[in-house]
Each structure stands twice: as structure tokens, then as C-alpha cells.
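# Inside the fold
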There are 2 protein chains.
Amino acid sequence: GYSQLPRQVHGLAGAPEWPALCAMFPDVTDRRALDLGCGFGWVSRWLREHGARSVLGVDLSRNMILRARETTTDPAIDYRIADIETIELPVGAFDFAFSSLTFHYIRDFARLARMVYRALMPGSHFVFSIEHPIFMAAADPHWIVDEDGRKTWPVNRYALEGERRTNWLAAGVVKHHRTIATTLNALIGAGFAIEAVSEFAPTSEQIRENLGLQEELERPMMLLVSVRRQA
Amino acid sequence: GYSQLPRQVHGLAGAPEWPALCAMFPDVTDRRALDLGCGFGWVSRWLREHGARSVLGVDLSRNMILRARETTTDPAIDYRIADIETIELPVGAFDFAFSSLTFHYIRDFARLARMVYRALMPGSHFVFSIEHPIFMAAADPHWIVDEDGRKTWPVNRYALEGERRTNWLAAGVVKHHRTIATTLNALIGAGFAIEAVSEFAPTSEQIRENLGLQEELERPMMLLVSVRRQA
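So, here's what we can say about the structure. Sequence order as written defines the numbering, with residues in each chain counted from 1. Labels are handed out in written order, letters beginning with A for the chains and numbers beginning with 1 for the ligands. The predicted nature of this model means local features are confined to residues of pLDDT at least 70 and side-chain atom pairs, given and counted, to a pLDDT of 80 or more, with totals for whole chains, interfaces and linings taken over all residues. Processing note: side-chain calculations cover all non-hydrogen atoms of the structure and skip hydrogens and water entirely.

Now for the packing of aromatic side chains. The description of two aromatic rings rests on the distance between their centres and on the angle between their planes. Only Phe, Tyr and Trp rings take part, Trp by its six-membered ring, and two of them pair if their centres are within 6.5 Å. Stacked means planes under 30 degrees apart, edge-to-face means over 60, and tilted covers everything else. Counting across every chain of the model gives 30 aromatic pairs over all chains. The structure contains a cluster of three or more aromatic residues connected by ring pairs, namely Phe103, Phe109, Tyr117, Phe126, Phe128 and Phe192 of chain A. Lysine NZ or arginine CZ positioned within 6 Å of the ring centre and within 35 degrees of the ring normal marks a charge as sitting over the ring. Taking NZ or CZ as reference, arginine 219 of chain A lies 4.3 Å from the ring centre of tryptophan 153 of chain A, over its face. In this structure, arginine 45 of chain B packs its charged tip against the face of tryptophan 42 of chain B, placed 5.3 Å from the ring centre.

Next up, the structure:
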């Protein structure tokens, strides 16, 4: 199941996009950080190890939060069970917000963007990853082979936003497809400035170490975004 | 050939993305406008009809510029033959920049973004459309049908930026594939703020009037971007 995935077992070392994602971070020293969909809390702990003053990690999964709490005795990390679809955070209480591969499970991203904006102090960064809309748009997303034998990813229903049900790990998991434009415009509409966008692709070195990553050159699997609340 | 396309024969009425694109425009009244890859000059003339003080339309095609010049006696429109891959425009000489479906033919988009930034006065908008990177990434981009009979668009080679050769209208036309991230980051790197992104999809009304547009819901064909040089 989910907890056996490389990124759950090995943490950040099992997430090939982590170097690209964490390259988007500001210096986190002394920042009050927010980790939305923290899972087992790998990034929350990384943030504290790299100087964050405090971290609030929230996740809907009781099991994950209980596991996360077992991993640390650091009193400056607060792991809480909460639904980020509806959570209201205190205004101006954070100096950095982060989320890894969570927002494609959220129905109302515009609400979330506005809420995170209010929760951040002016000048703060908000960095997150999601499943790439191109990866999850199709009715039945899976590798196919084109006439020339090339691995190919099917895209359909791209402009038709809304629920996508997959049988990845568990049957009937519900994801919410939004176009790239919808995601970026929601952030701009909330008041954020777009700082950088990345469509994760493995480096040559990563491919040498893990040939399975080669296929990630064919289609974008993850979208990484860095935005900033203006100072 | 190219000059027989609906958008060349009927102008803006033949371009289904035009309403979405022109909705991104600022008020153009009294602005000195730039139309990069102006073709037959439809947008250059529209800009003057909507109050622009002057328009410089540039295109590499001598035939198109000669045709564009025949369409108007307006002394405030200047149609010139020039290669926007290398053109240098005067600093601060424009208050609005526009381009339609041209930049995917440009090798060095980062240079172009910096050049347009310098050519614009602070506060000015730059609005353009390109072929969507998802539309043009694949080695052989054409509709396929998935196992359930659904029209599907193939994506491969997405992270492998560079030349794409197609046989659309003429054999061996060279386009330059860049990821969405590369395009947006080049604009941000040049100093622009991203104002809005749109992945053109036809409205229900457009589909009722032209059923052929229905398939544009399956995959994004065009990327529309509005950026601004900060005031």
C-alpha cells in the first residue's frame, strides 16, 4: 500500500523531485513553517533540521499523523490531524508554506490559495508540488506505445475539470483535475506573484542511478510551483 | 497553403481563441503597440481600430508584409519585414506588446523576452499565444483513439526541448519545443510578472456553432499568456 512507496519508506531520498523542489525554497532559518499534507512528516523534520523556528504539519490521515508524532520529540514540530479542504489557519502566523503532492486531492484550490495567502506574512514564499495536470487528465491514464514503439502518455478530457477516479493503490481514489492555467490563475487571484514553475524531469545523473526514471522525460508527472506573497 | 487557413481568410473571426486572447488585453487607447509575427496584420489593424496611437507590425515573411501593407492606408501602422529571432527594438518605445502563434518558431525565447521587456515602458502588458507545449511535444503529434474509443492526444519527449519538424502545410517546418515552465520562467527571469495564463478551450457556444471545436476539449492546443512589466 501507500506506506510502502519509496518516498514513504526512504523519505526525501525516495522522492526524485525533492532536489528540484527544495531548490525553490527560501532560506528557512527562523521561519515559522507550514507543511500541508505532511504525511509521515519527512519535510517537517527537514525544515526544523535546516533552521526553521517551528513547523505545523497537518494531514487528514490519523495513521500518518500518529506515525509522524512517533518520529520526533522536537517540541517545535506540531503534527495535527486536519482537513486542508476546510482548515482555517490564523492570519499572518507563518513565514513559509509548503505542500507535497496533496493539492490534487483538494476540490477547492482557490479557497486554499486565499487561505494560505492570509496565513502568511508579507514577503513569505509558498512552494508546492502536485501531480501534473497532463499526468492526471485522461479518463484512463497509463503508458501506451505509439506506432514507432515509443512510450507515450495519453491526454484527453484536459479542459474538462473535475473528479478523476483511479485505482492507484486503493480503488476509487478521488482526485480533482484542474488545468495548469486554473492553478496558476488561482494563485495570482489570491494575491501571490509566481516566482518559478518546474515540470519535474530527472537529471542524467538520476537516470544513471535509476533507469526507471528515464520514462519521466516522456511526459511531465509533477508540477512544482513557487509563489510569493509580496513584501 | 497557409494563406487559405480560416484565420488568414477570415481574420480574427477565424481564430477561435481570439475572444480569450483579447480579453487579456489592457485598454489599448493611445498606446504604442508592437505586433510580433503580425502576418497579414489583422491584429495590428484591430489595435488601431480600438484606439492604439501607433502599431509596429513585424514579420519575417515578405509576402505577408506586402499583403498587410495593401490592406491599409493608415499612416500610424508600420509593417516591416524583420526576423524577431534577432531584431533589436528601441528601448522604452512601446506601451503594449502582442504576438499570435509565432514564438514556437523562435529558438531563443529568453533573449526575446528580455528584448521585449526593454522595449516596453514600465507598467506595459505583453500578451501572446503559442502552440501549447503539450500539443507539439510528441515525435509524431496526431489524434489517436484509446481502448474506449476516446479521441486522445499522444505526449512524449516532453522534457526533451528543442527542434520539432512537422509536415503541417509545408514539409519540414521547424518549431522549437519548450516546456511551459521554461516559457514562464524566461518571462519571470526577464523581469515580467505573470498576470494570467489560459489554455484555450472553446466555449459551449463556440462548439454549437462549430462542432469541429469539440475535440479541443481533449487536449490543450494553445497557451495564452499575459505578463506585465512592473510600473
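Now that the structure is up, let's keep going.
Looking now at the interface of chain B and chain A. Contact criterion: two residues are considered in contact whenever any of their non-hydrogen atoms come within 4.5 Å of each other. Facing 34 residues of chain B, the contacting portion of chain A comprises 34 residues. Buried surface at the junction of chain B and chain A, both sides included, amounts to about 2700 Å², of which 59% is carbon and sulfur. Here a polar contact is recorded for every N or O atom pair within 3.5 Å, except that within protein the pair must consist of a potential hydrogen donor and a potential acceptor, and residues adjacent in sequence are included only if both atoms are side-chain atoms. At the surface where chain B touches chain A, the tally comes to 24 residue pairs in polar contact (both at pLDDT 80 or more). Strands are runs of DSSP state E lasting at least 2 residues, helices are runs of H or I lasting at least 4, and numbering of each runs from the N terminus. Listed by contribution, the elements that provide at least two residues to the side of chain B that touches chain A are β7 (151-155), α7 (180-190) and β10 (192-199) of chain B. Of all the elements, β10 of chain B adds the most residues to the side of chain B that touches chain A, at six residues. Joining two parts hides part of their accessible area as seen by a 1.4 Å probe, and the buried area is that hidden amount summed over both.

All names here are of chain A. Three labels apply to residues, based on accessible area from a 1.4 Å probe with only protein chains included: buried if under 20% of the type maximum, exposed if over 50%, partly exposed otherwise in between. A large share of strand β4 (residues 94-100) lies buried, amounting to six of its seven residues. The pairing criterion is simple: DSSP has to find at least two bridges between the two strands. With four bridges joining them, strand β1 (residues 32-36) and β4 adopt parallel strand pairing. Its bridge partner being in β4, alanine 33 is matched across the sheet by phenylalanine 96. Both β4 and strand β5 (residues 120-131) contribute to a ladder of six bridges, which runs parallel. Within β5, the residue paired with serine 100 across the bridge is serine 129. Remark: the β4/helix α5 (residues 109-119)/β5 crossover connection has right-handed handedness. The definition of a right-handed crossover adopted here requires that, viewed with the strands pointing away, the path from the first strand over the helix to the second runs clockwise.

Looking now at the state of the cysteines. Cysteine sulfur atoms are paired as a disulfide whenever they fall within 2.5 Å. The final tally for this structure, using the stated rule, is zero disulfides over all chains. Sulfur of cysteine 22 of chain A: no disulfide; nearest cysteine sulfur belongs to cysteine 38 of chain A and is 18 Å away.

Residue and element names in this part refer to chain B. If you trace the seven strands from one edge of the open sheet to the other, you get β3-β2-β1-β4-β5-β11-β10, paired in mixed fashion. The open sheet has two free edges, formed respectively by β3 (77-81) and β10, since each of these has just one partner strand. Across the sheet, the axes of successive neighbouring strands diverge by a mean angle of 15°, strand direction being ignored. The angle between two axes is taken between their N-to-C directions and runs from 0 to 180 degrees, where each axis is a line fitted to C-alpha atoms and a helix contributes only its stretch in contact. Set on the sheet, helix α4 (residues 62-70) makes contact with β2 (54-59) and β3; between it and β3 the angle comes to about 160°. Strands in contact with α7 are β5 (120-131), β10 and β11 (222-229); relative to β10, the strand with the most contacts, it is inclined by about 155°.

Glancing now at the sheet that holds strand β6 (residues 144-145) of chain A. Ordered by their spatial adjacency, four strands build an open sheet running β6(A)-β7(A)-β7(B)-β6(B), and the pairing between neighbours is antiparallel. Strand pairing shows two members of the sheet lacking a second neighbour, β6 of chain A together with β6 (144-145) of chain B, which therefore form its edges. Sheet topology places strand β7 (residues 151-155) of chain A next to β7 of chain B; three bridges connect them, and they run antiparallel. Paired with tryptophan 153 of chain A across the bridge in β7 of chain B is valine 155 of chain B.

All names here are of chain B. At their nearest, the axes of helix α5 (residues 109-119) and α7 sit 9 Å apart, and the two run at 35° to each other. In terms of crossing hand, the pair formed by α5 and α7 is right-handed. On the side of α5, the interface is formed by Phe109, Ala110, Ala113, Arg114 and Tyr117, while α7 contributes Thr183, Ala186, Leu187 and Ala190. Here the contact of α5 with α7 is composed, by residue class, of seven nonpolar, one polar and one charged. If you view the pair so one helix is near and one far, a crossing is left-handed when the near helix is turned anticlockwise from the far one by less than a right angle, and right-handed when it is turned clockwise. Under this grouping Gly is polar, as are all residues other than the nonpolar Ala, Val, Leu, Ile, Met, Phe, Trp, Tyr, Cys and Pro and the charged Asp, Glu, Lys and Arg.

In this section: the environment of tryptophan 143 of chain B. Residues and elements named next belong to chain B. By the element assignment, tryptophan 143 lies in the loop between α6 (133-136) and β6. Residue tryptophan 143 is classed as partly exposed on the basis of its relative accessible area of 21%. Filtering out sequence-adjacent residues up to four positions away, tryptophan 143 remains in contact with Lys151, Thr152, Trp153, Glu215, Glu218 and Arg219. Only 3.2 Å separates the side chain of tryptophan 143 from the side chain of glutamate 215, close enough to count as a polar contact.

Glancing now at α4 of chain B. Residue and element names in this part refer to chain B. For α4, the full list of buried residues reads Met64, Ile65 and Ala68. Buried residues along α4 cover an arc of 95° about the axis, so they all sit on one side. Across α4 from its buried face, at more than 90 degrees, point the exposed residues Arg62, Asn63 and Glu70. Arc definition: directions from the helix axis to the C-beta atoms.

Strand residues, when the strand is regular, have side chains that alternate between the two faces of the sheet. All names here are of chain B. Most of strand β1 (residues 32-36) is tucked away: four of the five residues are buried. Direction of pairing for β1 relative to β2: parallel, over a ladder of five bridges. Across the sheet, residue aspartate 35 finds its bridge partner in β2, namely glycine 57. Of the crossover connections in this fold, the one passing from β1 over helix α3 (residues 42-49) to the parallel β2 is right-handed.

Next up on the list: the relation of the copies chain B and chain A. For these two chains of identical sequence, chain B goes onto chain A by a turn of 180° and a shift of 0.0 Å along the axis, with RMSD 0.0 Å. Read as a symmetry element, the transformation amounts to a two-fold axis. Rotation axis and chain B: the residue whose C-alpha lies nearest the axis is proline 154 of chain B, separated from it by 2.5 Å. The residues that chain B uses at the interface reappear at the interface of chain A in 100% of cases, marking a shared surface. The fit set for superposing copies consists of C-alpha atoms from residues with pLDDT of at least 70 in both; the fit itself is least squares.

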